[in-house]
Amino acid sequence: MRLADEALLELYRRMVLLRVFDERALVYHRQGRIGTYAIAWNHEAIQAGATFALGEDDWIFPSYRESPIGLVRGMPPATILQWWRGHPSGWWNPLDWNVASICVPIGTHVPHAAGLAWGKKLKSEPGVAMVFFGDGATSEGAFHEGANFAAVMQAPLVLVCNNNSWAISTPLSAQTHAETLADKAKGYGMPGVRVDGLDVLAVHDAAHEAVERARAGGGPTLIEAVHYRAAPHATADDPRAYIDLERVEEERKHECLGRFEAVLRERGLLDDELVASVRREAEAAMRAGIAEAEAEPPPDPRLVFEHAYADPPAEIAALLEKEAHRG
Ligand SMILES: Cc1ncc(C[n+]2csc(CCOP(=O)(O)OP(=O)(O)O)c2C)c(N)n1
Ligand SMILES: [Mg+2]
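Cut-offs and rules
Here, residues in each chain are numbered from 1, in the same order as that chain's written sequence. Chains and ligands are labelled by the order in which they are written, letters from A for the one and numbers from 1 for the other. The model is predicted, so local features are restricted to residues of pLDDT at least 70 and side-chain atom pairs to those at 80 or more, both for listing and for counting; the totals for chains, interfaces and linings are taken over all residues. Processing note: side-chain calculations cover all non-hydrogen atoms of the structure and skip hydrogens and water entirely. Donor selection uses N, O and S atoms within 2.8 Å of the metal (3.2 Å for Na, K and Ca). Since no water is included, sites may look incomplete. Helix and strand assignments come from DSSP, with helices taken as H or I runs of at least 4 residues and strands as E runs of at least 2, each series counted from the N terminus. A simple rule labels every residue: compare its accessible area, found with a 1.4 Å probe on the protein chains alone, to the largest value its type can have, and call it buried under 20%, exposed over 50%, or partly exposed in between. What is meant by a nonpolar core is a set of buried Ala, Val, Leu, Ile, Met, Phe, Trp, Tyr and Cys residues, joined one to another through side-chain atoms within 4.5 Å. Contacts are assigned to residue pairs with any non-hydrogen atoms lying within 4.5 Å of each other. One heavy atom suffices: a residue is near a molecule or strand as soon as one of its heavy atoms comes within 4 Å of it. Counted as a polar contact is a pair of N or O atoms within 3.5 Å, where, for protein atoms, one must be capable of donating a hydrogen and the other of accepting one, and residues adjacent in sequence contribute only when both atoms are in side chains. To be clear on the numbers: accessible area is Shrake-Rupley with a 1.4 Å probe, and residue cover counts the displayed protein chains and nothing else. Classification of ring pairs rests on two measures: the distance between centres of Phe, Tyr or Trp rings, Trp counted by its six-membered ring, which must be within 6.5 Å, and the angle between planes, read as stacked under 30 degrees, edge-to-face over 60 and tilted in between. Any Lys NZ or Arg CZ that is within 6 Å of a ring centre and within 35 degrees of that ring's normal is treated as a charge sitting over the ring. The salt bridge criterion pairs a side-chain nitrogen of Lys or Arg with a carboxyl oxygen of Asp or Glu, the two atoms within 4 Å.

Trainee: How should I be thinking about the coordination of the magnesium ion (ligand 2) in this particular structure?
Mentor: The reference angle at a metal is 109.5 degrees if four donors form a tetrahedron and 90 or 180 degrees if six donors form an octahedron. Bound to the magnesium ion (ligand 2) are the protein donor atoms Asp135 (OD), Asn164 (OD1) and Trp166 (O), situated 2.1 Å from the metal. Mapped onto the sequence, the donors of the magnesium ion (ligand 2) take the spacing D-x28-N-x1-W. Residue Asp135 is located in the loop between strand S2 (129-134) and helix H6 (141-152), and its partner Trp166 is located in strand S4 (residues 166-167); the two are separated by 31 residues in the primary sequence. In this pair, the class of Asp135 matches that of Trp166, namely buried.

Trainee: For this particular structure, what's the right way to read the nonpolar core?
Mentor: In summary, soluble globular proteins display a tendency toward joint burial of nonpolar side chains. Formed by 73 residues in total, the largest nonpolar core has its most connected members in Tyr12 and Met130. No other element matches helix H1 (residues 5-30), which puts eleven residues into this core. Sequence-distant contacts of Tyr12, that is, excluding residues within four places in its chain, are made with Leu257, Phe260, Glu261, Leu264, Leu270, Val275 and Val278. In this structure, Val110, Ala113, Ala129 and Ala137 belong to the second largest nonpolar core, which totals 24 residues.

Trainee: How should I be thinking about the side chain of Asn162 in this particular structure?
Mentor: You can see Asn162 is positioned in strand S3 (residues 157-163). Judged by its relative accessible area of 3%, Asn162 falls in the buried class. Setting aside anything within four residues of it in sequence, one finds Asn162 in contact with His43, Ile46, Arg65, Glu66, Phe133, Gly134, Asp135, Ala225 and His227.

Trainee: What am I meant to see in the site of ligand 1 here?
Mentor: In the vicinity of ligand 1 there are 15 residues, among which Tyr64, Arg65, Asp135, Gly136 and Trp166 approach most closely. At 2.8 Å, a side-chain N or O of Arg65 approaches an oxygen atom of ligand 1. Between ligand 1 and Asp135, the relevant distance is 2.9 Å, taken from an oxygen atom to a side-chain nitrogen or oxygen of the residue. Starting from 590 Å² of accessible surface for ligand 1 in isolation, the protein chains cover 71%.

Trainee: Please clarify how the packing of aromatic side chains should be interpreted in this entry.
Mentor: The relation between two aromatic rings is expressed through the spacing of the ring centres and the mutual angle of the planes. Taken as a whole and assessed by the stated rule, the structure comprises ten aromatic pairs. Note on Tyr12 and Phe260: the rings are 6.5 Å apart at their centroids and 55° apart in plane angle, and the pair reads as tilted. Residue Tyr12 is found in helix H1, and its partner Phe260 is found in helix H11 (residues 256-266); the two are separated by 248 residues along the sequence. Here the two residues Tyr12 and Phe260 agree in accessibility, since each one is buried. Arranged with centres 5.1 Å apart and planes meeting at 85°, the rings of Trp118 and Phe149 form a pair that is edge-to-face. Residue Trp118 is found in helix H5 (residues 109-122), and its partner Phe149 is found in helix H6; the two are separated by 31 residues along the sequence. You can call Trp118 partly exposed: its relative accessible area is 27%. Among the aromatic residues, those joined into a cluster by ring pairs are Phe21, Tyr37, Trp83 and Trp84. The ring centre of Tyr228 lies 3.9 Å from the NZ or CZ of Arg247, which sits over that ring.

Trainee: Can you help me understand unusual backbone geometry in this one?
Mentor: In most cases, non-glycine residues show a negative phi, while peptide bonds are predominantly trans. Positioned with a positive phi, Asn42 is a non-glycine residue whose angle comes to about 70°. Within the fold, Asn42 resides in the loop between H1 and helix H2 (44-51). Within the chain, Gln154 stands out as a residue other than glycine whose phi angle is a positive 50°.

Trainee: Would you mind showing me how to read the pattern of salt bridges here?
Mentor: Pairing between side chains of opposite charge can happen when the charged atoms of each approach one another. On inspection of all chains with the given rule, the structure shows 19 salt bridges. Glu10 is the salt-bridge partner of Arg13, the closest N and O atoms lying 3.8 Å from each other. Of this pair, Arg13 and Glu10 are both found in helix H1, three residues apart, which corresponds to roughly one turn of the helix. Arg13 gets classed as partly exposed once you look at its relative accessible area, which sits at 31%. Overall, Glu10 belongs to the partly exposed group, its relative accessible area being 30%. Between Arg240 and Asp238 there is a salt bridge; the shortest N-O distance is 3.0 Å.

Trainee: Would you mind showing me how to read H2 here?
Mentor: Quick reminder: α-helices carry 3.6 residues per turn. Residues three or four places apart thus point the same way. Burial within H2 is extensive, with eight of its eight residues counted as buried. Turning to H2, its buried residues number three or more, namely Glu44, Ala45, Ile46, Gln47, Ala48, Gly49, Ala50 and Thr51.

Trainee: I would appreciate a short explanation of the environment of Ala206 in the present structure.
Mentor: Relative to the helices and strands, Ala206 is located in helix H9 (residues 200-215). With 156 residues separating them along the chain, Ala206 and Ala50 place their C-alpha atoms 7.9 Å apart. Other than its neighbours up to four places away in sequence, Ala206 contacts Val193, Val195 and Ile223.

Honestly, that's just the spatial picture; any functional story needs more than this.
Structure, rendered in structure tokens:
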């Protein structure tokens, strides 16, 4: 699908926003201002490209790797930063954005996304669901259950596998004996496609086709977006213990944002000035976001227990009582 110039620039803005969020989040982590953070560097082509094929009624189900994906829907950076700060104001209402909660357990959101998509079909409501997960997730039972269920029910679901070749320190070769992850689609009776995960336009094309098929009643599609993780898994990880550092260096040279920038410059759509202003805008949004997040009062500790017990055990009840007197 050929995107108009205006759309290409919007796609670029979204990629920059995701990139800058990631860069700043890493700095905020180092400054002790947010907690552990799952680095999304060089996953922006998959995240921005795939979601660019969605409309307002469509749902996004992110894993931790796609934590900032709400940005493409206009979610404030402060909300996502608060999530990483463990603050309740980071728990958004999914209905406000059609973005489900960030899923940390591997693959458990695939059945949720399949269920939502099936529900849309049952109610004859418009909208498809798009679920993101990693290569490692394809070895999980929940992935199998969700993919199989969606195919049997012909639910309008797009399954986007971010195959970054690693599940923390487990390489793809130890993850599966399948030649490709897209091949797994065959077993579920759905189309499976493989795309270059660093080519935002290729990702968008594949997602657009899958979304159109889902909308037309053609059921789910599995997209395998292939690349190689060129940053640590998360801030708590030291990949030097297991990764091929030369390969990482090589991969970093072909990172996805610079690659898209080169395409846009060649088409005469982008120059140094626009590059600088788009980045400045994203950086300003992040500065405002962290300030907003930090200005939020600390959460009430009682909240942790609020929905945990119908009848709190005596010890906790006593602590809550004490807190109530203090606060
Ligand atoms: C059910 C479950 N098991 C184990 C973990 C610990 N864990 C966190 S990230 C991760 C690797 C997942 O790799 P992959 O699916 O390839 O996604 P990526 O992190 O590469 O985006 C694991 C095993 C978890 N979060 N949930
Ligand atoms: Mg992975």
